[in-house]
Amino acid sequence: MSSEPIPPKGISTPETAQVRASEDGEVIYRHGQRLDHAEAASKPLRSAPEKQPRGARIRGNRPIDQAEAAARFIAAPEHEEMHDARLWDLRHKRDREMQVIPEWETLRALASAIKEHTLTHLDEYLEQFEAHAQGNGVHVHWARDAAEHNRIVHGILRDHGARSLIKSKSMLTEECGMRHYMASVGIEVIETDLGERIQQLDNEDPSHVVVPAVHKLRTDVAEVFAKTIGTDPDNSDVHYLAESQREATRPLILDADAGMTGCNFAVADTGTVTVCTNEGNADLSANVPKLHIASIGIEKIIPRLEHLAVFVRLLSRSALGSPITQYTSHFRGPREGGEMHFVLVDNGRSARLGMEEFWTSLKCIRCGACMNTCPVYRRSGGLSYGATYSGPIGIIIDPTFNARKYSNLPFASTLNGSCTNVCPVKINIHEQIYAWRRELVKQHEVPFVKKVAMKAAGEVLSRPAVYRAAVATANAAIDHLPRFVIYNGLNAWGKHREVPNPPDQSFHSWYQQNRGEKP
Amino acid sequence: MSSRDDILAAIRNNRPKLDRPLPDVPAFDAGAPSSLVAMFKASLTRMGGLFLDPPESGDPVQPVLEKIASAKIVCSTVPEVSGNRVIGSVRSPAALADVDFAIVRATFAVAETGSVLLDDVHLGLNAVAYLAQHLIVLLDPADILLNLHHAYRRPEFRERHYAVFHTGPSATADIEGVLIHGAQGVRSLSVLPLPRTVTSARQS
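The rules behind these values
Residues numbered from 1 in each chain as written. Chains lettered and ligands numbered in written order. Predicted model: local features only at pLDDT ≥ 70, side-chain atom pairs only at ≥ 80, totals over all residues. Helix = DSSP H or I, 4+ residues; strand = E, 2+ residues; numbered from the N terminus. Buried ≥ 20, exposed ≤ 12 C-beta atoms within 10 Å, placed from the backbone. Contact = placed C-beta atoms within 7 Å. Pairing = 2+ DSSP bridges. Axes fitted to C-alpha atoms, helices over the stretch in contact; angles between N-to-C directions. Parallel < 35°, antiparallel > 145°, perpendicular 65-115°, else oblique. Nonpolar A, V, L, I, M, F, W, Y, C, P; charged D, E, K, R; others polar. Left-handed = near helix turned anticlockwise from the far one by under 90°. Arc of directions from axis to C-beta. Core = buried A, V, L, I, M, F, W, Y, C linked by C-beta atoms within 7 Å. pLDDT = per-residue confidence, 0-100.

*Asks:* Any chance you could explain the overall build of chain A here in plain terms?
*Replies:* Across its full length, chain A carries 23 helices and twelve strands. Of all 519 residues assigned to chain A, the portion counted as buried reaches 50%. Expressed as a percentage of contacts within chain A between residues at least 6 apart in sequence, the contacts between residues at least 24 apart total 74%.

This is the structure we're talking about:
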């Protein structure tokens, strides 16, 4: 650290001094307890400067080479270790929250059942939502795809003579490529979430659905801010960086012509849009300018307010291990003298609803728990997927947008099932990953080497006796084969990892030996 | 066909023809603690909020007066404390950018999460709760509910155009997990337990 954190501007209050006093200058303590709400880490994490590895190379419609981009991330140990530790800490915090709620599994089952009910009646609930929103004085629009969404938003802005738009984080607007579109029509878009703003200023996509700049080190952020908002390039103090961004963004918020938010949950019965943030930036975006536009994926609908309670209780606990986000905002109608527009977006969702093996991926509430727990995601960084959605949920959604371009992604998984276990809406993510592999082979989107390996694996896995023989051989083989056989170019997974030491004995053979004869 | 009709037709055509009944959601209120105030205080503190202990005697709003003693601009929307910026005279939200402290009344609170509910009726201008540097909330201890299941039964969610749970101050840890209070909104959130007076009850 190169300098003292700058004191917050404005009024100095006793607690500002009190809460920063601790053995670790970066941590906020209350009553002797380290605060770790919101995205905060529960333990100190430190990095040394290192050049930031960039994401996957995008070459038109050609398949993304996730393994290549992951290799470059792994080759940057400061980045890889920080990323891995930070996300594993979020997973750890999530477990801590889950364990103190006796009804946790009941809530997951309820959340899953509510979503499945809603999705199987989605047309009815969308019509209800539309009618109630209109009754509350909200303008409702429908967009078949990303292009139509962007045209609608642009049209609303044009009608109001708006040239600048402040917005909170929305994966849907990322999916629609809205920022690029708005740039092409001369509308200035300002992201107000800190992580998203960092990514915007660096001209890079978000790498995680909840913490968009989690792949960056503080020194990377210092470099971006030095170039774009004029901070001291040698000062990477996190308090200084965050405060500088606040000071730089505040005037843009005050002067903006229009505001935009996404939507976490849309309540059909009341026409309410619910948005969850930690920074309060959705509330600034919606409440400072007169015009508020909310973009809503059609799968965000839930029937009634009583169902909202289930999802709000699950969302932030699953995402960050925090009992709730700092702000949970309910927008039901325009404020006096203001105007509110909802844009309901399909963009492939109605088609996905018809995919027998994959429709339940629409239950996703974008908490990111599957990403935080995934060993592949944690080691390779979200940008290695070269797609709007990364990690386990990403690799089962992305192929529905483009089966060829994202054909490699379902192979970026060990199928360990941890994603499924932490999913708050009980999506069978790892089974869908496997199903996508089969589907892509069927559609001839899978390269030859993977196909041969898959075919062999399929035959082995479908026959228990052969599997057991293969395991015995493989374990013996790992012990005795020279390294080049295991770490050859055909085995993408061996490239950057040591294969774990195999157990001396498989569980099956141990069981046969010790318990086999007993009833 | 319009986009609306197209989308609805595609959904009707594609939606799985499965029987998925809508479950009832219980209130999960067995084993509620004896003191909701204590539970609320613990939850709020964990989320970075400040709970102002009421004085044992004397002026019940003394802790608030101490906080705002050196403030230049105070915008109060409650009758219990007077400020020097009248919310009714503010023409546009941007004119609230110089407010040091805003003081508002919570509609109710949730013990499970340490949240206070603010709504457009109590706020006057919604933006005051975000543009002020610091926010002070008055909360009637009788208005604390056990959990979110109880909270979402409240009529405000059907009646107000804007209602928001605040749980601590504006926060971020987007850079290396380092916790920052005052990301874009208020730098601190303090809650003072104070029963509603007749005046403030009428205001709501």
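*Asks:* Sorry if this is basic, but what is going on with the overall build of chain B here?
*Replies:* Across its full length, chain B holds eight helices and eleven strands. Looking at chain B as a whole, 52% of its 204 residues are labelled buried. Looking at chain B alone, contacts between residues at least 24 apart form 72% of all its contacts between residues at least 6 apart.

*Asks:* Help me understand the sheet that holds strand E3 (residues 139–143) of chain A, please; the structure alone is not making it clear to me.
*Replies:* Backbone-to-backbone hydrogen bonds join strands into a sheet, with any given pair of strands oriented parallel or antiparallel. Residue and element names in this part refer to chain A. Within the open sheet, the six strands sit side by side as E3-E12-E9-E6-E4-E5. Their pairing is parallel. Both edges of this open sheet fall to E3 and strand E5 (188–191), since each of them pairs with a single strand only. For this sheet, the mean angle separating the axes of adjacent strands, direction not counted, is 25°. Note that E3 and strand E12 (residues 339–345) share five bridges and pair parallel. By the bridge assignment, His139 is partnered in E12 with His341.

*Asks:* Where do I start with the environment of Asn61 of chain A in this structure?
*Replies:* All names here are of chain A. Here Asn61 is to be found in the loop between strand E2 (33–34) and helix H2 (66–74). As for Asn61 and Thr274, which are separated by 213 residues in sequence, their C-alpha atoms are 36 Å apart. Asn61 has contacts with Arg404 and Lys405, leaving out every residue within four places of it along the chain.

*Asks:* Quick question: what am I supposed to make of the packing of helix H5 (residues 122–135) of chain A against helix H1 (residues 3–14) of chain B here?
*Replies:* Axis angle and axis distance: for two packed helices, these are the angle between their axes and the distance between the axes, and together they describe the pair. Their axes nearest at 9 Å, the elements H5 of chain A and H1 of chain B cross at an angle of 150°. Classified by the interaxial angle, the pair formed by H5 of chain A and H1 of chain B is roughly antiparallel. Where H5 of chain A abuts H1 of chain B, its residues Leu122, Asp123 and Leu126 of chain A lie against Leu8, Ile11 and Arg12 of chain B. Here the contact of H5 of chain A with H1 of chain B is built from residues that sort into four nonpolar, no polar and two charged.

*Asks:* Hey, could you run me through the packing of helix H17 (residues 391–401) of chain A against helix H19 (residues 429–442) of chain A in this one?
*Replies:* All names here are of chain A. Where H17 contacts H19, the axes come no closer than 9 Å and their chain directions differ by 35°. Of the two possible hands of crossing, H17 and H19 adopt the one that is left-handed. Taking contact as the criterion, the partners of Pro392, Ile393, Ile395, Ile396 and Pro399 in H17 are, on H19, Ile429, Gln432, Ile433, Trp436 and Leu440. Its residues placed into classes, the contact of H17 with H19 shows nine nonpolar, one polar and no charged.

*Asks:* Where do I start with the interface of chain A and chain B in this structure?
*Replies:* Many descriptions give the size of an interface as the accessible area lost when the pieces come together. Between chain A and chain B, the residue contacts involve 88 residues of the former and 72 residues of the latter. The class makeup of the residues in the side of chain A that touches chain B is 42 nonpolar, 25 polar and 21 charged. Taken together, the five bridges between strand E11 (residues 327–331) of chain A and strand E8 (residues 162–166) of chain B define a ladder with antiparallel strand orientation. Counterpart to Ser329 of chain A in the pairing with E8 of chain B is Val164 of chain B.

*Asks:* Would you mind showing me how to read the sheet that holds strand E6 (residues 134–139) of chain B here?
*Replies:* All names here are of chain B. Strand order in the open sheet made by the five strands is E1-E11-E6-E3-E2, with parallel pairing throughout. A strand with exactly one partner marks an edge of an open sheet, and here the two such strands are strand E1 (50–51) and strand E2 (74–76). Strand direction decides the pairing type here: strand E3 (residues 101–105) and E6, joined by five bridges, are parallel. Each residue of the ladder has a partner; that of Arg105, found in E6, is Leu138.

*Asks:* For this particular structure, what's the right way to read H2 of chain A?
*Replies:* Spacing of three or four residues puts side chains on the same side of an α-helix, whose turn is 3.6 residues. Residue and element names in this part refer to chain A. Residues of H2 that are buried include every one of Gln66, Ala69, Ala70 and Phe73, and no others. An end-on view of H2 places all buried positions within 100° of arc, on one side of the element. Packed against the buried residues of H2 are helix H3 (77–99) and helix H16 (375–380).

*Asks:* Explain the nonpolar core to me, please; I cannot follow it from the model alone.
*Replies:* In summary, soluble globular proteins display a tendency toward joint burial of nonpolar side chains. In terms of nonpolar packing, the biggest core is built from 193 residues, with Phe311 of chain A together with Ala102, Val128, Ala132 and Val137 of chain B touching the most fellow members. The element that contributes the greatest number of residues to this core is helix H13 (residues 305–320) of chain A, accounting for ten residues. The residues touching Ala102 of chain B, leaving out its near neighbours within four places in the chain, are Cys75, Val128, Ala129, Ala132 and Leu135 of chain B.

*Asks:* Just to check I follow, could you spell out the pairing of strand E11 (residues 188–193) of chain B for this structure?
*Replies:* In the case of a regular strand, side chains alternate between the two sheet surfaces. All names here are of chain B. Most of E11 is tucked away, with six of its six residues classed as buried. Residues Ser188, Ser190 and Leu192 of E11 are buried on one face, and the alternating residues Leu189, Val191 and Pro193, pointing to the opposite face, are buried as well. The sheet contact formed by E1 and E11 spans two bridges and is parallel. The residue of E11 that forms the bridge with Leu50 is Ser190.

*Asks:* Could you clarify how one ought to interpret the environment of Asp346 of chain A in this entry?
*Replies:* Relative to the assigned elements, Asp346 of chain A resides in the loop between E12 and helix H14 (349–353). A sequence separation of 197 residues divides Asp346 of chain A from His149 of chain A, and the C-alpha atoms of the two residues are 9.2 Å apart. Aside from chain neighbours lying at most four places away, what touches Asp346 of chain A is Ala143, Arg144, Asp145 and Ile298 of chain A together with Ile7 of chain B.

*Asks:* Before we go on, may I ask you to explain the confidence of the model for chain A in this structure?
*Replies:* Low pLDDT marks regions whose predicted coordinates should not be analysed in detail. All names here are of chain A. Across chain A, the average pLDDT comes to 89, with 84% of residues at or above 70. Long-range and interchain partners of residues 1–22, a stretch whose pLDDT sits below 50, account for 37 contacts in this model, where long-range means more than four residues apart. Of the regions scoring below 50 in pLDDT, residues 484–489 engages in seven contacts with residues more than four places distant in sequence or in other chains.

*Asks:* Can you walk me through helix H10 (residues 218–228) of chain A in this structure?
*Replies:* Buried residues of H10 of chain A: Arg218, Asp220, Val221, Ala222, Val224 and Phe225 of chain A, and no others. Looking at the residues trailing H10 of chain A, positive phi occurs at Gly230 of chain A, about 75°.

*Asks:* Explanation requested: the confidence of the model for chain B in the structure shown.
*Replies:* Averaged over every residue, the pLDDT of chain B is 95; residues scoring 70 or more account for 97%. Two numbers describe this predicted complex: its pTM, 0.89, and its ipTM, 0.97.

*Asks:* Just to check I follow, could you spell out the environment of Phe51 of chain B for this structure?
*Replies:* All names here are of chain B. Residue position: Phe51 is located in strand E1. Taking the C-alpha atoms as reference points, Phe51 and Asp29, 22 residues apart in sequence, are found 24 Å from one another. Not counting residues up to four positions away in its chain, the partners in contact with Phe51 are Lys41, Leu44, Thr45 and Val191.

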